[in-house]
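Each chain, written out:
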Amino acid sequence: MNDFVYRDGVLYCEELKVSDIAAKVGTPFYLYSKNTFTSHLQHVEAAFGDLAHIVCYSVKANSNVAILSMMAREGAGADVVSGGELYRALKAGMDPQKIVFAGLGKTEQEIEYGLSEGILMFNVESSQELMLVNDVAQRLGTQASIALRVNPDIDAKTHPYIATGLKQSKFGIPLSQAMAEYEVAQKLPGLNPTGVHQHIGSQILEPGPFEASLRKVTNLAKSLKVLGLDIRYINIGGGFGIQYTDEDAPEPEQFAAGIVPILKETGCTAIMEVGRMIAGNAGILVTKVLLNKQGEDKRFVVVDAAMNDLIRPSLYQANHHIGPVVYREGAAEVKVDVVGPICESGDFLAQDRAIPEVQSGELLAVFTAGAYGFTMSSNYNSRTRLPEVLVSGRRAFVIRRRETYEDLVRGEAIPKDL
Ligand code: LLP
């Protein structure tokens with residue numbers, strides 16, 4: 001379900017025509033639907049409703065403070081991976097007791113920040129980090145609640161860049177070493193081990209890998225309880241896959257069906273760090289056609305958005321559906337590369353894609369761009385980053401303004417004595 005729908009060939013976001021918004025804010029821009037965001041969250045909440053759980057929305061997917069505040073008001077917590085994400089989550093009004101802090105290279109300052117704000121727990125990824133968290137906690141005269149992120153050696157069957165649960169991966173502590181690390185943690189006065197964490201990858205399109213992995217992880221949790229540890233949380237990570245083009249993506253309840261019984265047995269509260277499933281189809285990228293260009297073998301549609309705005313096609317060969325914002329009657333389908341103006345051959349939004357013929361000035365929508373779209377954007381080629389617009393019913397709010405040239409050089413300095 002999402003709220004980007006065509007009515008008589010015209011694309012709407014909830015009750016507004018996308019073309020009307022484009023006329024007001026200019027192109028390119030990111031456009032989000034409030035209703036899609038909140039109903040996706042509610043859908044996940046309902047699917048896991050039988051289970052004591054906290055949805056910690058994964059801030060890296062879409063970190064605009066307006067989005068985070070919307071998630072907080074709907075009862076979600078946050079999964080953060082940096083001081084910056086923690087700052088955003090707190091600024092948006094997230095309850096610190098629903099914030100978990102992951103990442104395999106947290107700095108001392110970041111650990112201190114999390115501790116002083118009273119977050120729910122840190123997900124720790126190595127024995128050295130375990131010591132560091134203990135040291136910082138002791139220095140502050142407090143105790144850090146922690147989970148160890150274990151690496152269950154599971155093939156999540158996804159793109160290698162976003163698979164994280166294989167033993168070759170840099171993430172987590174091997175399952176075989178986890179028991180020993182927990183025993184160390186138990187003895188350290190600055191630590192309170194309360195959870196077990198896993199995250200096996202992203203854009204996972206079948207429940208099987210979650211179930212296989214969680215069987216291993218819940219067995220560990222049970223053994224830890226026998227050892228006398230007060231394990232109250234099992235964090236299953238994120239990674240639920242969604243439909244971009246023609247993928248057969250399971251619904252939240254299809255993922256939940258196999259997972260819930262495994263988790264229920266433990267008596268623990270489940271934490272899920274859901275990003276893409278909430279944000280992905282809640283956003284689009286709207287771009288304008290600059291020109292058509294016929295190469296020797298290929299036809300190019302040059303648009304005003306580029307890889308700096310949406311890097312997923314270049315980085316992961318991701319296929320985002322692309323369609324006209326307003327279908328023009330009689331436009332024939334043509335096979336094209338949709339490319340941006342950046343000086344890189346890797347700058348494309350789609351390759352060899354059949355779309356209706358479009359002319360200069362027409363608008364295209366790049367769908368499923370709500371997750372890992374704006375958050376992965378950059379200023380490469382000194383392009384200003386895009387505005388973000390949030391629609392609720394008949395109202396549209398600019399939740400981030402378009403950057404200016406001034407913004408581009410903010411913080412830079414030309415030394416006097418140069
Ligand atoms: N938890 C942890 C520890 C993670 O590393 C991630 C994502 C998530 C949760 C959220 O995963 P999700 O539910 O969104 O799949 N930039 C890539 C995705 C990288 C994901 C990194 N970690 C992309 O555009 O596909």
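Anything mentioned here points back to the structure above.
First, a word on scope: everything that follows refers to the structure included in this document. Just so you know, these numbers come straight off a predicted model, no measurement behind them.

Quick notes on the rules
- Residues numbered from 1 in each chain as written.
- Predicted model: local features only at pLDDT ≥ 70, side-chain atom pairs only at ≥ 80, totals over all residues.
- Heavy atoms only, no water.
- Phe/Tyr/Trp six-rings, centres within 6.5 Å; stacked < 30°, edge-to-face > 60°.
- Helix = DSSP H or I, 4+ residues; strand = E, 2+ residues; numbered from the N terminus.
- Buried < 20%, exposed > 50% of the residue type's maximum accessible area, 1.4 Å probe, protein only.
- Contact = heavy atoms within 4.5 Å.
- Pairing = 2+ DSSP bridges.
- Axes fitted to C-alpha atoms, helices over the stretch in contact; angles between N-to-C directions.
- Parallel < 35°, antiparallel > 145°, perpendicular 65-115°, else oblique.
- Left-handed = near helix turned anticlockwise from the far one by under 90°.
- Nonpolar A, V, L, I, M, F, W, Y, C, P; charged D, E, K, R; others polar.
- 1 Å grid on protein atoms, 1.4 Å probe; cavity = no way out; pocket = protein on both sides within 12 Å on 5 of 7 lines; lining within 4 Å.
- Points joined across faces, edges and corners; volume = space filled by probe spheres on them.
- Domains from an automatic or database assignment.
- Near = heavy atom within 4 Å.
- Polar contact = N/O pair within 3.5 Å; in protein donor to acceptor, adjacent residues only side chain to side chain.
- Areas by Shrake-Rupley, 256 points an atom, 1.4 Å probe, with all protein chains shown as cover.
- Sits in = over half its atoms within 2 Å of the grid points.
- Right-handed = clockwise from strand over helix to strand, strands pointing away.

**Considering the packing of aromatic side chains**
For the structure shown, the criterion picks out 10 aromatic pairs. Ring geometry for Tyr 30 and Phe 374: centres 6.2 Å apart, planes at 85 degrees, overall edge-to-face. Separated by 344 residues along the polypeptide, Tyr 30 in strand S4 (residues 29-33) and Phe 374 in the loop between strand S19 (363-366) and strand S20 (388-392) bring together distant segments of the chain. Put simply, the rings of Tyr 30, Tyr 32, Phe 37 and Phe 374 pair up and form one aromatic cluster.

**A look at helix H7 (residues 175-187)**
Buried within H7 are the following residues: Ala 178, Glu 181, Tyr 182 and Ala 185. Residues of H7 that are buried in the fold lie against helix H6 (127-139), strand S9 (144-151), strand S10 (173-174), strand S11 (191-197) and helix H8 (208-226).

**Some details on unusual backbone geometry**
Peptide bonds are mostly trans, and most non-glycine residues show a negative phi. Between Thr 27 and the following residue, Pro 28, the backbone shows a cis peptide bond with an omega angle of -10 degrees. The phi dihedral of Gln 317 falls on the positive side, at around 55 degrees, and the residue is not glycine. Tracing the sequence through the fold places Gln 317 in the loop between helix H11 (312-316) and strand S16 (322-324).

**Some details on the sheet that holds strand S3 (residues 16-17)**
Within the open sheet, the three strands sit side by side as S1-S2-S3. Their pairing is antiparallel. The open sheet has two edge strands, strand S1 (4-7) and S3, and neither has a second partner. Bridge count between strand S2 (residues 10-13) and S3: two bridges; the pairing is antiparallel. Note on S3: the bridge partner recorded for Cys 13 is Leu 16.

**Some details on the packing of helix H2 (residues 34-47) against helix H3 (residues 65-73)**
The N-to-C vectors of H2 and H3 enclose an angle of 40 degrees; their axes lie 10 Å apart at closest approach. Taken together, the axes of H2 and H3 are oblique relative to one another. Between H2 and H3 lies a crossing whose hand is right-handed. Contact residues: H2 offers Lys 34, Phe 37, Thr 38 and Leu 41, while H3 offers Ile 67, Met 70 and Met 71. Its residues placed into classes, the contact of H2 with H3 shows five nonpolar, one polar and one charged.

**Let's talk about the layout of surface pockets**
Considered as a void within the structure, the largest pocket measures approximately 660 Å³ in volume. Along its surface, the largest pocket is lined by 28 residues, and Lys 60, Thr 164, Phe 171, His 199 and Tyr 372 are the ones closest to its centre. A per-element tally of the lining of the largest pocket places H11 first, with three residues. A per-class count over the lining of the largest pocket returns 10 nonpolar, 10 polar and eight charged. Counting only domains with at least three residues in the lining of the largest pocket, you end up with domain 1 (4-32 + 282-403) and domain 2 (34-280). Taken as a whole, the second largest pocket holds about 550 Å³ of empty space. Taken together, 27 residues line the second largest pocket, and the ones lying closest to its centre are Met 1, Asn 2, His 40, Gln 243 and Asn 281. Among the secondary structure elements, those contributing two or more residues to the lining of the second largest pocket are S1, H2 and strand S14 (283-294).

**Regarding the site of the ligand**
If you check the shell around the ligand, you find 17 residues, and the closest are Ser 202, Glu 273, Arg 312, Tyr 316 and Tyr 372. One of the backbone nitrogen or oxygen atoms of Arg 276 is found 2.8 Å away from an oxygen atom of the ligand. Within the side chain of Tyr 316, a nitrogen or oxygen atom sits 2.7 Å from a nitrogen atom of the ligand. Expressed as a share of its isolated accessible area of 580 Å², the protein-covered part of the ligand is 91%. If you map the ligand onto the pockets, it falls in the largest pocket. The residue inventory of the shell around the ligand, partitioned by class, reads five nonpolar, six polar and six charged. Both of domain 1 (4-32 + 282-403) and domain 2 (34-280) provide at least three residues apiece to the shell around the ligand.

**Considerations on the packing of helix H4 (residues 83-91) against helix H5 (residues 108-117)**
Direction vectors running N to C along H4 and H5 enclose 25 degrees, while the axes themselves pass 9 Å from each other. Judged on the interaxial angle alone, H5 and H4 are roughly parallel. You can see that H4 and H5 cross each other, and the crossing is left-handed. Judged by residue contacts, Gly 83, Leu 86, Tyr 87 and Leu 90 of H4 engage Glu 110, Tyr 113, Gly 114 and Glu 117 from H5. Residue classes in the contact of H4 with H5 are distributed as four nonpolar, two polar and two charged.

**Focus: the pairing of strand S6 (residues 77-80)**
A two-sided burial pattern is seen for S6, the buried positions comprising Gly 77 and Asp 79 on one face and Ala 78 and Val 80 on the other. Across three bridges, the pairing between strand S5 (residues 53-58) and S6 is parallel. Within S6, the residue paired with Tyr 57 across the bridge is Ala 78. The β-α-β motif built from S5, the intervening H3 and the parallel element S6 has right-handed crossover chirality. Of the pairings in the sheet, the one linking S6 to strand S7 (residues 99-101) comprises three bridges and is parallel in character. Along S7, the bridge assignment pairs Ala 78 with Ile 99. The handedness of the S6 to S7 crossover, carried by H4, is right-handed.

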